[in-house]
Amino acid sequence: MSVTETALPEPLSAQPALRPRTAHPLLRFVLRRVATGLLTLAVASFVVFLGTAVVPGSPATAVLGRLANKQVVAQVDRRIGYDKPLPERYVTWLFGALHGDFGNSAVALAQGATSAPIWPIIRDPLLNTTTLAVITVIFLIPLSLLLGVIAGLTHGRLPDHVISVLTLVFMALPEFVVGALLVVIFFVVLNLLPPVSLLSPGAKPWSDPQILVMPVLTLLAVSVAWTVRLVRVGTIETIRTDYVQMARLQGLPERKVVRRYVLRNALAPSVQIFALSIQYLFGGVIVTETVFDYPGLGNQLLQAVTSHDDTQVQAIAFILAGVYIAINIIADLIVLVLVPKLRTQT
Amino acid sequence: MRHRLRFARTRRGQFGLVIVAIVLAIALLGPFVSPHGPSQLTGAPGAPPGGGHLLGTDYLGHDVLSRVLWGGRSVISLALSATALGFALGTTIGLIAGYSRGIVDSLLMRSVDVILAFPPLLFFLIIVTSVGYSEGVLICGVAVVQAPGIARIVYSATREVSVAAYVEAAVARGETTAAILRRELLPNTLPTLIANLGLTLTYSVLLTAAVNFLGLGLQPPAANWALMISENRTILSLNPWAVVVPATLIAALTIGVNLVGDAISISLGRSETTVDARVDPAAAIMQGNLIATPQGPET
Amino acid sequence: MTASPQALLDVTDLTIELRSGLPVVQDISLALNRGATLGLVGESGSGKTTVAMTLLGYVRPGMRVVHGQITIAGEGIDLRDEKAARRARGRLVSLVPQDPATSLNPALRIGGTIRDVLEAHTSGHANDVAVGEALDRVHLPITGEFMRRFPHQLSGGQQQRVLIACALACSPPLVVLDEPTTGLDVVTQAQILAQIDQLHSERELAMVYVSHDLAVVSQLADRIAVMYAGRIVEHGPASMVLTRPRHPYTRGLIGSSPDHVTPRQLHGIPGVAVGLGDRPTGCAFAPRCAQRVARCELELPPLEPQQDGRSVRCFEAERTPPLQFGAPLAPATPASAEPILLVRDLKAVHGTRGHTFTAAEDISFAVRRSECLALVGESGSGKSTIARVIVGLHPPAAGEVQLDGRRLAPLAKERSRDERRRCQIVFQNPYESLNPRQKVEEQVARPARLLRGFSRADARAAVTELFERVRLPTRLGEKFPSELSGGERQRVAIARALAAGPAVLICDEVTSALDVSVQAAVLDVLIELQRELELGLVFITHNLGVVATVADSVLVLTRGRICERGSVNEVLHHPSDPITQQLLAAAPRLRATAKRDALVSERA
């Protein structure tokens, strides 16, 4: 029994679902969504900090070795702030991070540098990764919409079977396998492209588009399968709705049914799908960047993890989690605008 | 239940089964037919096929064929252990949260949300940063990364089942919570779980392999297909087989498992169109397509 | 067939089967004159919706037309070419669908939906004036504000009116209505039916009204065709079919229909409708038929025209006895004056923190041994919540529930084993009331084991006895719920409740998902159980006919409050509350009405 349902009678004058527009429900929803996002980010930051800070041994021991002089270790610890209690360190770090100040690279300090701010170290990698993700998305969205809608509209027939089986294959491929095979083809066999995507420091990736080809292809190969599948499912489900059947039974021409009844309803959920795949791109670049030695954030993160540079790991993890959450919020808001029912009811 | 093996009759299912069987045979039986030991130096580094080395040698001079024949066991055992652990963890969380409601529910599912707010590999890296890397960390880490997704699926399946009249009837007659979970909820969320098994396993193979590839799991000289791809990239132009063969085997394994999983979930009565839970739990929850139990009037 | 040459609709020998070759509908021939109304009646699985869709030239995926022709206003409908058929839809024939809420595109405004239909069959752009005309026809506001609304901003009745407006937009001579009021409240249903009737008489519109509800059909139809297992079994003028049915199935259907004005014992049809794959070579109804002869099982009776202008598909049509309504039910006298169940000042609230909603308030009633109390109300009136509070699934916000004079704890788990045992519930949806992964037998035995401490063997014996009581074959115990029909499942659910040995049984809309012939059989079982086991029954329903059949006294609920109470006789015949009066006036009755007959003769 529905709680909101009202009982009888139902006079014609009743205009039940229309609500007063005074409260700006849309704005309220946006604020609430942003607020929960910030809360999640706060918790995530805590997890990041805790995960990297509560480590047996500090970066100093990692750099100087376990047999290092205790006094030297303590000295280094003091310099990078590891002697302070954990809560204090967290608060200092969080406030810094919110201002774009992620502190100093712990390893660099331990190695004797007097100052090694993290932000300049990771600024370029962040830009490089964003470039990679954006280029991939530019290809990803039209490609997956096209293939997904084709498969959905031809559900159960040949084009659908071909696309479905291919997506099953591609979504099962690991990035490093795709990457490695691409290198074999384009470098070893054809010798068309360089096997690694090296960039001289300070150079922008778009100055040498060649190095972007294989990373973008790899990311596309592994992410397009998922999005095609989801778009396809959304299309098929919409085709099966009563209102699409009704439109056909009302004698509407098929072109109009597809455009106004199927696509309009099937594509709104696709926004979420693309949000997921963009998130995936930001998270999944770690492997792809490693395969091609591409100087992005993922590669930087991996180096930081292996060198035990805790403060840098914190900074990168925080940024990635922030991007992840932000994409989620933006996708929710776009869907809100696209779906009338949500738009007028929340 | 009557159609337990129906998936084996679809073409995709059969194809997948054959692939998985071949890869499994190589992985499990390989060591018995291997010409050399996995870490036995048998020739010059990076030699192309020939001279007693069917697939040439790797970057240190091991026989690639032997490394391949030895290197599948860990790929499979790591993925299986991680999946099993992840499933146990996720199912427990999902069942308890889905049935209990209230504070336990919010607490568990909010923690799940926090983990899901990280890219999976990033979360794994944070774990590695804090506790270092080893085989155990690899298995547990991958399990922890996977558990939230499974928990989400089980959670919504449980929520859906727990409002069914037969569960209400059990509550009204005073069954214990344990009995309700075991007799009413678990059997009815099981199809959802089985339907997700294939994809989870695929993902496990992908993730453990990725971690090994990144050098954060097994360490050389262990023989492992993912590790082989990573370590032999430097000799790619000398002996590409050292990369191509393990890469093909991993791809075959994941593709095969995915095809079988897809066929199983379709045969479980999940129509092909409601499979998105296997593809992505979050999207599936968004669209509300999770329950797998076929119900309703059979016309 | 009696089709006159200038018939508007002519269906000949329509046979449709699944791609696998199983027949869905067979040998359907129908004819309908301009401005006439045909009621197409049948229970679930009879093929009536398939026929309705085919009238629009639409063959559902997975089915194919084996043979048959459909002509509307002299134009043949192409059943093999969807594209060609689509040109006829809206112009020659249109549809009012079953579920208005899901049949409107959620992304289109109302005005846009109607404009799409108009533009599909007229050249050029449809303007707001045309849209306004369409809306005005069904008495919807023609303001721009209304046209800009989205479907979810309309009530169910308004949504259905929009769809009726779409159906009439291009003035087709024939409209097919596929259970257009099934999802609506009874009062809204009455309004929509009145609207349909009015449009029909104003516009010389021919209609095919498809429904499982004989009472609803009897209000509109000139002619009735009854379908069973994919075939028409009886076809003729409505008044004749409804008052003097000649096919035993039609007769059974009418005998199963409860009526709220003259309460009577129902005669359900024994057995279950045959499934799609198990249709026998002979008469499909033979296994359930009381007057079958050897021949019925061997050969298919033809649809034989009778002298009185109808056709019947029965060898023994002559022997079909006239309708015999069971004796009016004498109200059972409660065996004891002491109530077993007492509900006092109950209040129940839904929701948490901030967003609370009072589902029920000031609810007090008592149920005695052998007494049946009906709680009646529309969806949202709070009746199910009250049931859940009684059995301890929902804690009350105020008030109390007493069993045998002892106050019950709010939640089931806080109640004693005996308290839980003595108060049992049967739920609405037969597809959800049983665990799909457990054998039926095991589920029925469980309450006996848990609440009465029966040994395995004792429980097994109890299950056998209970199956007999609810008239289920013992062999069904070995089956899983998915292998059972809806009516069988509901009987298993009743058996499960009885296995606890209850004193009070709460029945929450237990028959609302069942076909009418099955409903009659289940009600019959319940009445018998109530008498024999001296159960106190709380029967929750929205169907006043069912109330009249089973209940001794009634509570009418609206928006969570009791608006009227009394004996069945008082409330149904002399309602004092305006809401009860409105409900009673709106409830459809099976009638072979004088009004309808008069109308028909007037036209001729």
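Look a little higher up for the structure.
Residues numbered from 1 in each chain as written. Chains lettered and ligands numbered in written order. Predicted model: local features only at pLDDT ≥ 70, side-chain atom pairs only at ≥ 80, totals over all residues. Heavy atoms only, no water.

Looking only at helices and strands, one finds 14 helices and zero strands in chain A. Along chain A, helices (α) and strands (β) appear in the sequence α-α-α-α-α-α-α-α-α-α-α-α-α-α when read from the amino end. For chain A, the exposed surface amounts to about 15,500 Å²; the carbon and sulfur share of it is 68%. (Helix = DSSP H or I, 4+ residues; strand = E, 2+ residues; numbered from the N terminus. Areas by Shrake-Rupley, 256 points an atom, 1.4 Å probe, with all protein chains shown as cover.)

Bringing the interface of chain B and chain A into the picture now. Taken together, the contact between chain B and chain A spans 54 residues of the former and 55 residues of the latter. Roughly 4,600 Å² is buried in total at the junction of chain B and chain A, and carbon and sulfur atoms are behind 77% of that figure. Between the two partners, chain B and chain A, sit zero salt bridges. Where chain B meets chain A, there are three residue pairs in polar contact (both at pLDDT 80 or more). (Contact = heavy atoms within 4.5 Å. Buried area = accessible area lost by both parts, 1.4 Å probe. Salt bridge = Lys/Arg side-chain N within 4 Å of Asp/Glu carboxyl O. Polar contact = N/O pair within 3.5 Å; in protein donor to acceptor, adjacent residues only side chain to side chain.)

Contacts between the two partners involve 23 residues from chain C and, on the opposite side, 23 residues from chain B. Roughly 2,100 Å² of surface becomes buried between chain C and chain B when both sides are summed, with 52% attributable to carbon and sulfur atoms. The three residues of chain C that bury the most area against chain B are C:E432, C:R437 and C:R446, which together make up 29% of that side's buried surface. The tally of links between chain C and chain B comes to two salt bridges. Between B:E168 and C:R388 there is a salt bridge whose closest N-O contact spans 2.2 Å. At the surface where chain C touches chain B, the tally comes to eight residue pairs in polar contact (both at pLDDT 80 or more). Mapped by element, the contributors of at least two residues to the side of chain C that touches chain B are α14 (440–452) and α16 (486–498) of chain C. Considering every element that reaches the side of chain C that touches chain B, the biggest residue donor is α14(C), with five residues. The residue makeup of the side of chain C that touches chain B, split by class, is 11 nonpolar, four polar and eight charged. (Nonpolar A, V, L, I, M, F, W, Y, C, P; charged D, E, K, R; others polar.)

What follows covers the packing of helix α6 (residues 118–153) of chain A against helix α9 (residues 210–239) of chain A. Running from N to C, α6(A) and α9(A) cross one another at 35°; their axes reach a closest spacing of 6 Å. Seen along the crossing, α6(A) lies across α9(A) with a hand that is right-handed. (Axes fitted to C-alpha atoms, helices over the stretch in contact; angles between N-to-C directions. Left-handed = near helix turned anticlockwise from the far one by under 90°.)

Turning to helix α15 (residues 456–469) of chain C, a few remarks are in order. Residue and element names in this part refer to chain C. End to end, α15 covers 20 Å across 14 residues, agreeing with the expected 20 Å (1.5 Å per residue, within 8%). Taken residue by residue, α15 has A459, A462, V463, L466 and F467 as its buried positions. On an axial view of α15, the arc spanned by its buried residues comes to 135°, and they lie on one face. Exposed and oriented more than 90 degrees from the buried face of α15 are A457, R460 and E468. One or two steps after α15, the chain reaches R471, where phi turns positive at roughly 60°. (Expected span 1.5 Å × (residues − 1). Buried < 20%, exposed > 50% of the residue type's maximum accessible area, 1.4 Å probe, protein only. Arc of directions from axis to C-beta.)

Moving on, we get to the nonpolar core. Of all hydrophobic cores here, the largest spans 115 residues; its most connected members are A:F176, A:L301, B:F118, B:W225 and B:I229. Listed in part, the 110 residues of the second largest apolar core include C:A52, C:L92, C:A284 and C:L323. (Core = buried A, V, L, I, M, F, W, Y, C linked by side-chain atoms within 4.5 Å.)

Right, let's get into the packing of aromatic side chains. Within this structure, the stated rule accounts for six aromatic pairs over all chains. Measuring from ring centre to ring centre gives 5.2 Å for A:F46 and A:Y90, while their planes differ by 80°; the resulting arrangement is edge-to-face. Here A:F46 is found in helix α1 (residues 25–53), whereas its partner A:Y90 is found in helix α4 (residues 86–98), with 44 residues between them in sequence. Taken together, a centroid distance of 5.4 Å and an interplanar angle of 70° make the contact between C:Y249 and C:F285 edge-to-face. Placement of the pair is C:Y249 in helix α11 (residues 248–256) and C:F285 in the loop between α11 and β11 (304–305), with a sequence separation of 36 residues. C:Y249 gets classed as buried once you look at its relative accessible area, which sits at 1%. For C:F285, a relative accessible area of 3% translates into the label buried. Grouping aromatic residues by their ring pairs yields a cluster made of A:F46, A:F49 and A:Y90. Here C:R295 stacks its cationic end above the ring of C:F315, 3.7 Å away from the centre of that ring. (Phe/Tyr/Trp six-rings, centres within 6.5 Å; stacked < 30°, edge-to-face > 60°. Lys NZ or Arg CZ within 6 Å of the ring centre and 35° of its normal.)

Turning our attention to the pattern of salt bridges. The tally for this structure, following the rule as stated, stands at 44 salt bridges over all chains. Put simply, C:E316 and C:R319 hold a salt bridge, and the shortest N to O gap is 2.8 Å. Relative accessible area serves as the criterion here: at 17%, C:E316 is assigned to the buried category. With a relative accessible area of 46%, C:R319 lands in the partly exposed category. Here the residues in one salt-bridge network are A:R248, A:E254, C:E82, C:R86 and C:R89, joined through shared partners.

The next subject is the sheet that holds strand β6 (residues 93–96) of chain C. All names here are of chain C. An order of β6-β7-β8-β3-β9-β10-β12-β11 is seen for the eight strands of this open sheet, with the pairing classed as mixed. At either margin of the open sheet sits one strand with a lone partner, and together these are β6 and β11. Bridging between strand β10 (residues 231–237) and strand β12 (residues 311–312) involves two bridges; their strand directions are antiparallel. Across the sheet, H235 pairs through a bridge with S311, a residue of β12. The sheet contacts of helix α7 (residues 156–168) involve β6 and β7 (174–178), and relative to β6 the element is tilted by about 175°. The sheet strands contacting α11 are β3 (37–41), β9 (223–228) and β10, and the helix crosses β9 at an angle near 100°. (Pairing = 2+ DSSP bridges.)

Right, let's get into unusual backbone geometry. Residues and elements named next belong to chain C. Of note, the phi angle at D404 is positive, near 50°, even though the residue is not glycine. Following the sequence through the fold, D404 ends up in the loop between β16 (398–403) and β17 (406–407). The exposure class assigned to D404 is partly exposed, which follows from its relative accessible area of 40%. We note that R471 has phi near 60°; this positive angle belongs to a residue other than glycine. Inspection of the secondary structure assignment puts R471 in the loop between α15 and α16. The exposure class assigned to R471 is partly exposed, which follows from its relative accessible area of 38%.

All names here are of chain C. Reading across from one edge, β18-β19-β20-β15-β21-β22 is the order of the six strands in this open sheet, with mixed pairing throughout. At either end of the open sheet lies a strand with only one pairing partner, and these are β18 (423–426) and β22 (561–567). Here the strands of the sheet are splayed against their neighbours by 15° on average, with no regard to which way each runs. Inspection of the sheet shows strand β15 (residues 372–376) paired to strand β21 (residues 553–558) by four bridges, in the parallel sense. What sits directly across from A374, in β21, is V554.

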